[in-house]
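Here is what each chain is made of, one letter per residue.
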Amino acid sequence: MRINRKNSFYYLLLGLAAAQLGMMILWGDHSFVAIHDNLDLFIAHNKMMKNEGVFFGGNSLVGMLGGIERDLLGSQFSLYNLLYYFFAPYTAYVLGYCLKIAIGFGSFLLLLKEVYKKEYENNKELAWVIAFSYGLIPVFPTYGIAFTSIPLLVYLIKKIRKESKWYWYAGVFCYPFLSYFSYFGFFILGYLVLISFVVWIKEKKFPLSLMGTIPMLSAGYICFEYRLFRQILGSQQVTIRESMKALDLSFSEVIKEIFTVLAEPGFHAQDSHKYIILPVVVILLLVKVAEGIRKKEIKERIKRPEFLVFGWIILNCIIYGLYGFPPFRNLFETLLPPLTGFQFNRTIFLNPFLWYLLFFLLLKEMAEQKRDSKACQVFVKIMAWSALLAVALIPQVYNDFYSNLYHHAYEIVKKTPSSQLSFKEFYSEELFEKIKEEIDYQGEWSAAYGMHPAVLQYNGIATLDGYLGLYSEEYKKQFRQLIEPALEQSEEFRKTFDESGIRAYLYSGSGENTYVPTKQLLVKDLRLSINGEVFRQMGGVYIFSRIKIENEQELGMKLIKEFQDSSSPYIIYVYQG
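Residues numbered from 1 in each chain as written. Predicted model: local features only at pLDDT ≥ 70, side-chain atom pairs only at ≥ 80, totals over all residues. Heavy atoms only, no water.

(A) Seen up close, the overall build of the protein chain. What the protein chain contains, in helices and strands, is 27 helices and eight strands. In terms of overall size, the protein chain behaves like a compact globule, its C-alpha atoms giving a radius of gyration of 26 Å where 577 residues would be expected to give roughly 25 Å. Summing over all exposed atoms, the protein chain offers an accessible surface of approximately 26200 Å²; the carbon and sulfur share of this is 60%. When the 59 positive and 54 negative side-chain charges of the protein chain are each reduced to one mean point, those points stand 13 Å apart. (Helix = DSSP H or I, 4+ residues; strand = E, 2+ residues; numbered from the N terminus. Rg over C-alpha atoms; globule rule 2.2 N^0.38 Å. Areas by Shrake-Rupley, 256 points an atom, 1.4 Å probe, with all protein chains shown as cover. Lys, Arg positive; Asp, Glu negative; His and termini not counted. Charge placed at Lys NZ, Arg CZ, Asp CG, Glu CD.)

Okay, structure coming up:
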């Protein structure tokens, strides 16, 4: 079968998609995937809720942080979360990974086709390559679908503006099934209100259809994330959000932060734009400004869509910077007391979509204006494909494709295991099943040392410790008494816990990172710096440790046994308090 050169890009994209999926299938749960804010967090939470039968539970308690309300964990009416209810965790992770790509690719294309129609047909390869790049962006896995589905919401709103049919409103109502209020919904609704007023002023006519999307989307978020709203609006419990301290910046530092985040996106939104997209966009926009000045059309030029999108990107960066400016942040929290501690700088999470949309706009316009220039057409293709390769192959925190290629190649070339833990090794399910059976574990409260508490939670072990961004301030104070000996010795960990508290861990008094997830855990300090009496008062019975604790008798604990298994790189020492 002969391949039409004009359509060869279909096969190239299909090959890259097959490589992404094939890699995850080939290596299975021996794949190397991101651990930070991924394996150590929501995956374990979903597995724990499924283990305990509270995934759809009402007023249930969950076995972490001494027993927290089910409402504090993720919604069951979330596409990504539901995957972990119906499938085994690794299968769910792969499905979420693939859905993020498919939804991002499909919704981006759908939007471009709706907006540009004939122009889309004339620039199909450009549209497909940039849409696939967008679907591939290595963002926070748990909310990857929320990141890449934004074009779908824009598409639905455009259809409502055009037709105002009930089924488009229904689509807007159901959109939160793919999204997440705290990361996206709050800001999307805020911008919808702002845009509605701008359209009202510009068109001198009340935009009823556009305004109608606001209550519909709000109702969707409330229904799909009713647990979150019940906590925000209905709970009288004081949470750790009240005592969290944001980074305080001077005005000059705020300016620096704005420019920094323009090039270096926020941690969870690493969209790879700085490598190809940023320089291309800046150069092409500067060329347009120069042409506008030369032709005395600068006012008309800066009103064009590409400048409006770039201005929106900058606005999001400004808000991100102002979050670190105490006067501005205090004003926000004074006007909206229920949102004290809320990270309103997450407007930056909207920027990945805006960067890729802007990239398409500029390259499309160049390709159309210089259609007779072969050099220009080649440049446009090279830039689009380069952006795609940057997303796929440049190492970033959540780039699982690169991570797998690197670590498996390392093991083949070096003929030695990588120090990185695979999905299977991180949780070491077989080893912990063996441990639970041998010690006759019956749900006793426990804690982890030398590893993330998520490992225990995933394996059905109830923990006094844990990682969560929202739990009671009262429990934080209680847990602080438990780890006070370590905090007294380590100023770094004291600040980490007192000013945040999201990681309620058993810290090392020497300041060593004892929960670093590597195959070999090399630490010098073998003492466990906790208050043993407080541990028992909190109901603690077992400590599962990767470190052989030398002051066990001082803490009133005894070593039951050390466990190891060929399925895991861990040696686990189980202590009873």
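(B) The arrangement of the pattern of salt bridges in detail. With the rule as written, the count across this model stands at 28 salt bridges. One salt bridge connects Arg 480 with Asp 498, and the closest N-O pair in it is separated by 2.8 Å. Note that Arg 480 is positioned in helix α25 (residues 473-489) and Asp 498 in helix α26 (residues 491-498), a separation of 18 residues in sequence. The shortest N-O distance in the salt bridge between Glu 533 and Arg 536 comes to 3.8 Å. (Salt bridge = Lys/Arg side-chain N within 4 Å of Asp/Glu carboxyl O.)

(C) Examining the pairing of strand β3 (residues 445-449) more closely. Among the five residues in β3, four count as buried, and that is most of the element. Two elements, β3 and strand β6 (residues 540-545), share five bridges in a ladder whose sense is parallel. Within β6, the residue paired with Ser 446 across the bridge is Tyr 542. (Buried < 20%, exposed > 50% of the residue type's maximum accessible area, 1.4 Å probe, protein only. Pairing = 2+ DSSP bridges.)

(D) The arrangement of the packing of aromatic side chains in detail. For the structure shown, the criterion picks out 60 aromatic pairs. In textbook terms, an aromatic cluster arises when at least three aromatic residues are bridged by ring pairs, as seen for Phe 42, Phe 140, Tyr 143, Phe 147, Tyr 180, Tyr 183, Phe 184, Phe 349 and Tyr 398. One residue, Arg 70, lies across the ring of Phe 55, its end atom 6.0 Å from the ring centre. Above the ring of Tyr 467, the side-chain terminus of Arg 503 is found at 3.9 Å from the ring centroid. (Phe/Tyr/Trp six-rings, centres within 6.5 Å; stacked < 30°, edge-to-face > 60°. Lys NZ or Arg CZ within 6 Å of the ring centre and 35° of its normal.)

(E) Inspection of the environment of Leu 41 at higher detail. By secondary structure assignment, the location of Leu 41 is in the loop between α2 (35-39) and α3 (42-52). Judged by its relative accessible area of 6%, Leu 41 is buried. Separated by 425 residues in the primary sequence, Leu 41 and Gly 466 have C-alpha atoms spaced 8.7 Å apart. If sequence neighbours within four positions are ignored, Leu 41 has contacts with Phe 140, Ala 454 and Tyr 467. (Contact = heavy atoms within 4.5 Å.)

(F) How the structure looks around empty space enclosed by the protein. Counting across every chain of the model gives two cavities of 30 Å³ or more. Considering only enclosed or pocket space, the largest cavity measures out at about 130 Å³ in volume. In terms of lining, the largest cavity is formed by 15 residues, of which the most central are Tyr 97, Lys 100, Pro 138, Val 139 and Tyr 398. Of all the elements in the fold, those that place two or more residues in the lining of the largest cavity are α5 (89-116) and α20 (374-393). Ranked by the residues each element gives to the lining of the largest cavity, the list is headed by α5, at four residues. Partitioning the lining of the largest cavity into residue classes produces eleven nonpolar, three polar and one charged. One number sums up the size of the second largest cavity: a volume of about 30 Å³. In terms of lining, the second largest cavity is formed by Ala 448, Tyr 449, Gly 450, Met 451, Tyr 505, Leu 506, Thr 514 and Tyr 515. Classifying every residue of the lining of the second largest cavity gives six nonpolar, two polar and no charged. (1 Å grid on protein atoms, 1.4 Å probe; cavity = no way out; pocket = protein on both sides within 12 Å on 5 of 7 lines; lining within 4 Å. Points joined across faces, edges and corners; volume = space filled by probe spheres on them. Nonpolar A, V, L, I, M, F, W, Y, C, P; charged D, E, K, R; others polar.)

(G) Spatial organisation of α5. Compared with an ideal rise of 1.5 Å per residue, which puts 28 residues at 40 Å, α5 spans 40 Å between its outermost C-alpha atoms and is within 8% of the ideal. Two residues or fewer after α5 comes Lys 117, characterised by a positive phi angle close to 45°. (Expected span 1.5 Å × (residues − 1).)

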